[in-house]
Protein chains: 2
Amino acid sequence: MHNKIFQNFLGRKGLKMTRERFAVLEEVFSAPSHFDPEQLYARIRASALKASRASVYRTLSLLVESGLVEKVSRSGRGNIYEHTYGRRHHDHMICDVCGEIIEFYSENLENLQLDICGSNNFEGMSHTLEIRGHCENCRD
Amino acid sequence: MHNKIFQNFLGRKGLKMTRERFAVLEEVFSAPSHFDPEQLYARIRASALKASRASVYRTLSLLVESGLVEKVSRSGRGNIYEHTYGRRHHDHMICDVCGEIIEFYSENLENLQLDICGSNNFEGMSHTLEIRGHCENCRD
DNA sequence: AGTCCAATTGAAATTAAATCTCAATTTCAG
DNA sequence: CTGAAATTGAGATTTAATTTCAATTGGACT
Ligand SMILES: [Mn+2]
Ligand SMILES: [Mn+2]
Ligand SMILES: [Zn+2]
Ligand SMILES: [Zn+2]
């Protein structure tokens, strides 16, 4: 599982599995799927396996590079991440009122983007589609 | 034109048209359509009509509220804006290598998003679609 | 043209996210 | 075990943006 995947990734890069990296890894995968780094750091400080803020940010970058985590969005000031192990790509709707995040996936929409890239000779490698508005509960 | 529109907007809100706000307005509409606030501030400092950094940021917020300017991207560190007066909504492809920004618009893609909002009972009010990758010139 | 007062300004301090520095510590291949 | 290379954390630094507040200004109303 993600533990072994991260180990392999580190191995390939000549990096070491440390107790701090393990702490971040565990916390990322027990966190709600969307999280921000400062929340994550607070959770880690409260847990048994500690890591400094610097290590949290450094490990987060490695997790993104390994493909286990993705940067999802910037809500206001900081970034939002989510763990993606065993999950399919998807995009997000975000409620401006209550902050709820709704995930969606559309094959058509993905294909349309491929077409658009094609007709611009652009080699698309990733994308973020974020729809903002009012969720079911928050619309009048 | 944008001058009058901004005046009206300010009037409606009981705000005043000051020389600083005018300076920002002029610079925003003589700038390349995509810009970041610090660039804008630098340009204003170099121009005849000065304004402080605080006023630049404050006026930028008002311009966004007035609909003359939109926040375009949140992917790097700071925000990117563009003036939208007389321009149609569109989305962006951004080259990871050279930073080029390619604009595109697809009716199908917009409609697909409407459908998706509909089937989630979500009242979509705005969206950003940002495709990152390599542009024509930067792909091998 | 003058009065007045709420709106506005700018310099500097502050906040917040994220990154950097570097001496001390840890990991792990051999 | 050993030792070289990787890693860590406390605190300093960077960067974008916001806040503070005394001094200034816009413009409605005479
Ligand atoms: Mn998600
Ligand atoms: Mn644009
Ligand atoms: Zn909501
Ligand atoms: Zn390019």
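Criteria and thresholds
- Residues numbered from 1 in each chain as written.
- Chains lettered and ligands numbered in written order.
- Predicted model: local features only at pLDDT ≥ 70, side-chain atom pairs only at ≥ 80, totals over all residues.
- Heavy atoms only, no water.
- Donors = N, O, S within 2.8 Å, 3.2 Å for Na, K, Ca; no water.
- Buried < 20%, exposed > 50% of the residue type's maximum accessible area, 1.4 Å probe, protein only.
- Salt bridge = Lys/Arg side-chain N within 4 Å of Asp/Glu carboxyl O.
- Helix = DSSP H or I, 4+ residues; strand = E, 2+ residues; numbered from the N terminus.
- Near = heavy atom within 4 Å.
- Polar contact = N/O pair within 3.5 Å; in protein donor to acceptor, adjacent residues only side chain to side chain.
- Nonpolar A, V, L, I, M, F, W, Y, C, P; charged D, E, K, R; others polar.
- Pairing = 2+ DSSP bridges.
- Phe/Tyr/Trp six-rings, centres within 6.5 Å; stacked < 30°, edge-to-face > 60°.
- Lys NZ or Arg CZ within 6 Å of the ring centre and 35° of its normal.
- Tetrahedral: all angles 85-135°; square planar, octahedral: opposite > 155°, others 65-115°.
- Domains from an automatic or database assignment.
- Buried area = accessible area lost by both parts, 1.4 Å probe.
- Contact = heavy atoms within 4.5 Å.

Engineer: Explain the coordination of the zinc ion (ligand 4) to me, please; I cannot follow it from the model alone.
Structural biologist: For a metal with four donors in a tetrahedral arrangement, the ideal angle between donors is 109.5 degrees, while six donors in an octahedron ideally sit at 90 or 180 degrees. All names here are of chain B. Every protein donor of the zinc ion (ligand 4) is accounted for by C95 (SG), C98 (SG), C135 (SG) and C138 (SG), and the metal-donor separations fall at 2.2 to 2.4 Å. In the primary sequence, the donor residues of the zinc ion (ligand 4) line up as C-x2-C-x36-C-x2-C. You can call C135 buried: its relative accessible area is 0%.

Engineer: Looking at this model, I keep getting lost on the pattern of salt bridges. Mind explaining?
Structural biologist: Between side chains of opposite charge, a pair can form when the charged atoms approach closely. Taken as a whole and assessed by the stated rule, the structure comprises twelve salt bridges over all chains. E65(A) is the salt-bridge partner of K13(A), the closest N and O atoms lying 2.5 Å from each other. One end of the pair, K13(A), is in the loop between α1 (2–12) and α2 (19–30); the other, E65(A), is in helix α4 (residues 53–66), with 52 residues separating them in the sequence. Its relative accessible area of 40% is what places K13(A) among the partly exposed residues. Judged by relative accessible area, which is 47%, E65(A) ranks as partly exposed. For E38(B), the salt bridge is made with R53(B), and the minimal N-O distance between the two is 2.9 Å. Here E38(B), found in helix α3 (residues 37–46), pairs with R53(B), found in helix α4 (residues 53–66); they are 15 residues apart in sequence, far enough to count as distant.

Engineer: What is the right way to look at the protein's contact with DNA strand C in this model?
Structural biologist: In the vicinity of DNA strand C lie 20 residues, with K16(A), T18(B), R21(B), S52(B) and S55(B) positioned nearest. Sugar plus phosphate, as a fraction of atoms of DNA strand C within 4 Å of the protein: 75%. At a separation of 3.0 Å, a phosphate oxygen of DNA strand C approaches a polar backbone atom of N79(A). Take R58(B): an N or O atom from its side chain is 2.8 Å from a base nitrogen of DNA strand C. If you list the elements that add at least two residues to the surface near DNA strand C, you get α4 and β3 (78–83) of chain A together with α2 (19–30) and α4 of chain B. Here the element with the most residues in the surface near DNA strand C is α4(A); it accounts for three residues. Its residues assigned to classes, the surface near DNA strand C shows six nonpolar, five polar and nine charged.

Engineer: What is the right way to read the sheet that holds strand β2 (residues 69–73) of chain B from this model?
Structural biologist: Through backbone hydrogen bonds, the strands of a sheet pair up, either in parallel or in antiparallel fashion. Residues and elements named next belong to chain B. In spatial order, the strands read β1-β3-β2; together these three strands make up an open sheet with antiparallel pairing. This sheet does not close on itself; its edge strands, each paired only once, are β1 (34–35) and β2. Relative to strand β3 (residues 80–83), β1 runs antiparallel, the two sharing two bridges. Residue pairing in the sheet places F35 in a bridge with Y81 of β3.

Engineer: Please clarify how the packing of aromatic side chains should be interpreted in this entry.
Structural biologist: Note on aromatic pairs: each is described by the distance of the centres and the angle between the planes. Scanning all chains against the criterion turns up four aromatic pairs over all chains. Lying across the ring of Y105(A), R88(A) places its NZ or CZ 3.9 Å from the centre.

Engineer: Just checking my understanding: could you explain the coordination of the zinc ion (ligand 3) for this structure?
Structural biologist: Residue and element names in this part refer to chain A. Protein coordination at the zinc ion (ligand 3): the donors are C95 (SG), C98 (SG), C135 (SG) and C138 (SG), at 2.2 to 2.4 Å from the metal. Viewed at the metal, the four donor atoms of the zinc ion (ligand 3) are separated by angles of 101 to 113°, and the geometry they form is tetrahedral. We note that the donor set of the zinc ion (ligand 3) lies within a single chain, spaced as C-x2-C-x36-C-x2-C.

Engineer: Explanation requested: the domain arrangement of chain A in the structure shown.
Structural biologist: A common measure of how large an interface is: the accessible area buried when the components associate. Residue and element names in this part refer to chain A. Split by domain assignment, chain A resolves into domain 1 (2–83) and domain 2 (91–133). Between domain 1 and domain 2, the C-alpha centre-to-centre distance is 24 Å. Approximately 410 Å² of surface area, both sides summed, lies buried where domain 1 meets domain 2, with 53% of it carried by carbon and sulfur atoms. Interface area lost by domain 1 to domain 2 is led by H34, V72 and S73, which between them contribute 76%. Linking domain 1 to domain 2 there are zero salt bridges.

Engineer: I tried to follow the interface of chain A and chain B on my own but got confused; where do I start?
Structural biologist: Listed per partner, the contact involves 31 residues of chain A and 35 residues of chain B. It is R74(A), F122(A) and R132(A) that lose the most area in chain A upon contact with chain B, and together they represent 22% of the buried surface on that side. Remark: the boundary between chain A and chain B carries zero salt bridges. Across the chain A-chain B interface, the total number found is 16 residue pairs in polar contact (both at pLDDT 80 or more). When residues of the side of chain A that touches chain B are traced back to their parent elements, those giving at least two are β4 (91–95), β5 (101–104), α5 (107–119) and β6 (123–134) of chain A. A total of twelve residues in the side of chain A that touches chain B trace back to one element, the largest contributor, which is β6(A). Class assignment for the residues of the side of chain A that touches chain B results in 14 nonpolar, eleven polar and six charged. Direction of pairing for β6(A) relative to strand β6 (residues 123–134) of chain B: antiparallel, over a ladder of eleven bridges. By the bridge assignment for β6(B), G133(A) is matched with G124(B).

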